[in-house]
Amino acid sequence: KAGVTQTPRYLIKTRGQQVTLSCSPISGHRSVSWYQQTPGQGLQFLFEYFSETQRNKGNFPGRFSGRQFSNSRSEMNVSTLELGDSALYLCASSLTGTGAGEQYFGPGTRLTVT
Amino acid sequence: AQRVTQPEKLLSVFKGAPVELKCNYSYSGSPELFWYVQYSRQRLQLLLRHISRESIKGFTADLNKGETSFHLKKPFAQEEDSAMYYCALSMNTGNQFYFGTGTSLTVIP
């Protein structure tokens, strides 16, 4: 099976712009979670989608949003970018939606905000 | 509130020596606990989970609810164990995981 894929892999944006990141889960996986990884804060949960519904949301401002399509592919959007949004954004897919199963991570999208 | 704490950012041990990576958590319910590992230039991947009670690559981890700990142990470290290790907690409300800040393990030949 193909692994989790994320596009683009690298992105440079300017403050105030918006950005959309894409994640394709492993075939058959209905749960997609997003994380922000920074050197100072580590991995922080953004949100999780399961069958096109957002089930859980982390403690991030409303500028961070996401959605999931019927084929389980997911996108996350960050509007009005700030310098502090520079990070590695990881997506993970899971076969189960129970929180007890394995999460399969993608390679990440490196976002740099200047 | 920090739910998962990994007190050591860096840990170095000699090859063949025992290794223990510490993880403490704060959650009053029944958590699911995991160890994830990231080898150099590879993706984050699951190492083991407490519900499986299995040994993976010689690593084991025991959930101690009294001490709210889930330390990762291996009796004899190998060079290929050098990696970044993350402890993670799920509260069984879907796939919302809390990760520790990670411990970078270096095994010295």
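So, here is what we can say about the structure in this document. What you are looking at is a predicted structure, and each value in this text was computed from that prediction instead of being measured.

1. Observations concerning the overall build of chain A
The number of helices and strands found in chain A is zero helices and 11 strands. Helices and strands appear in chain A in the N-to-C order β-β-β-β-β-β-β-β-β-β-β. For chain A, the C-alpha radius of gyration of 13 Å lies close to 13 Å, the compact-globule estimate for 114 residues. Across its three principal axes, chain A shows a C-alpha extent of roughly 35 × 25 × 25 Å. Looking at the 114 residues of chain A, the share that counts as buried comes to 52%. Across chain A, contacts joining residues at least 24 apart in sequence account for 54% of those joining residues at least 6 apart.

2. Some points on the packing of aromatic side chains
On inspection of all chains with the given rule, the structure shows 13 aromatic pairs over all chains. Ring centres of F105 of chain A and Y36 of chain B lie 5.7 Å apart, and the angle between their planes is 85°; on these two criteria the pair is classed as edge-to-face. Of this pair, F105 of chain A sits in strand β10 (residues 104-105) while Y36 of chain B sits in strand β5 (residues 32-38), each in a different chain. Assigned by exposure class, F105 of chain A and Y36 of chain B land together as buried.

3. Remarks on the interface of chain B and chain A
In this assembly, 18 residues from chain B lie in contact with 25 residues from chain A. Taking both partners together, chain B and chain A bury about 1800 Å²; carbon and sulfur atoms supply 47% of that area. Looking only at chain B, the three residues that lose the most surface to chain A are R43, N95 and Q96 of chain B, adding up to 37% of its buried area. Where chain B meets chain A, there are zero salt bridges. At the boundary of chain B and chain A, one finds four residue pairs in polar contact (both at pLDDT 80 or more). Secondary-structure elements contributing two or more residues to the side of chain B that touches chain A are β5, β6 (45-49), β9 (83-90) and β10 (97-99) of chain B. Considering each element in turn, the side of chain B that touches chain A owes the most residues, three residues, to β5 of chain B. The residue makeup of the side of chain B that touches chain A, split by class, is eight nonpolar, seven polar and three charged.

4. Considerations on the environment of M91 of chain B
Residue and element names in this part refer to chain B. By secondary structure assignment, the location of M91 is in the loop between β9 and β10. For the pair M91 and L33, spaced 58 residues apart in sequence, the C-alpha separation works out to 8.9 Å. Beyond its immediate stretch of four places on either side in the chain, M91 contacts R3, Y27, Q96 and Y98.

5. Here we look at the sheet that holds strand β7 (residues 60-61) of chain B
All names here are of chain B. Strand order in this open sheet of three strands is β3-β8-β7, and the pairing throughout is antiparallel. A strand with exactly one partner marks an edge of an open sheet, and here the two such strands are β3 (19-21) and β7. Here β3 pairs with strand β8 (residues 72-74) via three bridges, running antiparallel. When the bridges of β8 are listed, E20 appears paired with K73.

6. What to know about unusual backbone geometry
A cis amide bond links T7 of chain A with the next residue in sequence, P8 of chain A, at an omega value of -10°. Here K57 of chain B, not a glycine, exhibits a phi torsion of approximately 50°, which is positive. Mapped onto the secondary structure, K57 of chain B falls in the loop between β6 and β7.

7. Some thoughts on the pairing of strand β7 (residues 64-68) of chain A
Each regular strand carries side chains that alternate between the two faces of the sheet. Residues and elements named next belong to chain A. Pairing geometry for β7 and strand β8 (residues 74-78), over five bridges, is antiparallel. The residue bridging Q68 from the neighbouring strand is S74, located in β8. Between the antiparallel neighbours β7 and β8 lie five residues, among them S72 with a positive phi of about 75°.

8. Thoughts on the pairing of β8 of chain A
All names here are of chain A. Most of β8 is tucked away: five of the five residues are buried. Across the two faces of β8 the burial is the same, with S74, M76 and V78 and E75 and N77 all buried. Bridge count between strand β3 (residues 19-24) and β8: five bridges; the pairing is antiparallel. Considered in β8, the bridge of L21 is made with M76.

Conventions used here
Residues numbered from 1 in each chain as written. Chains lettered and ligands numbered in written order. Predicted model: local features only at pLDDT ≥ 70, side-chain atom pairs only at ≥ 80, totals over all residues. Heavy atoms only, no water. Helix = DSSP H or I, 4+ residues; strand = E, 2+ residues; numbered from the N terminus. Rg over C-alpha atoms; globule rule 2.2 N^0.38 Å. Buried < 20%, exposed > 50% of the residue type's maximum accessible area, 1.4 Å probe, protein only. Contact = heavy atoms within 4.5 Å. Phe/Tyr/Trp six-rings, centres within 6.5 Å; stacked < 30°, edge-to-face > 60°. Buried area = accessible area lost by both parts, 1.4 Å probe. Salt bridge = Lys/Arg side-chain N within 4 Å of Asp/Glu carboxyl O. Polar contact = N/O pair within 3.5 Å; in protein donor to acceptor, adjacent residues only side chain to side chain. Nonpolar A, V, L, I, M, F, W, Y, C, P; charged D, E, K, R; others polar. Pairing = 2+ DSSP bridges.

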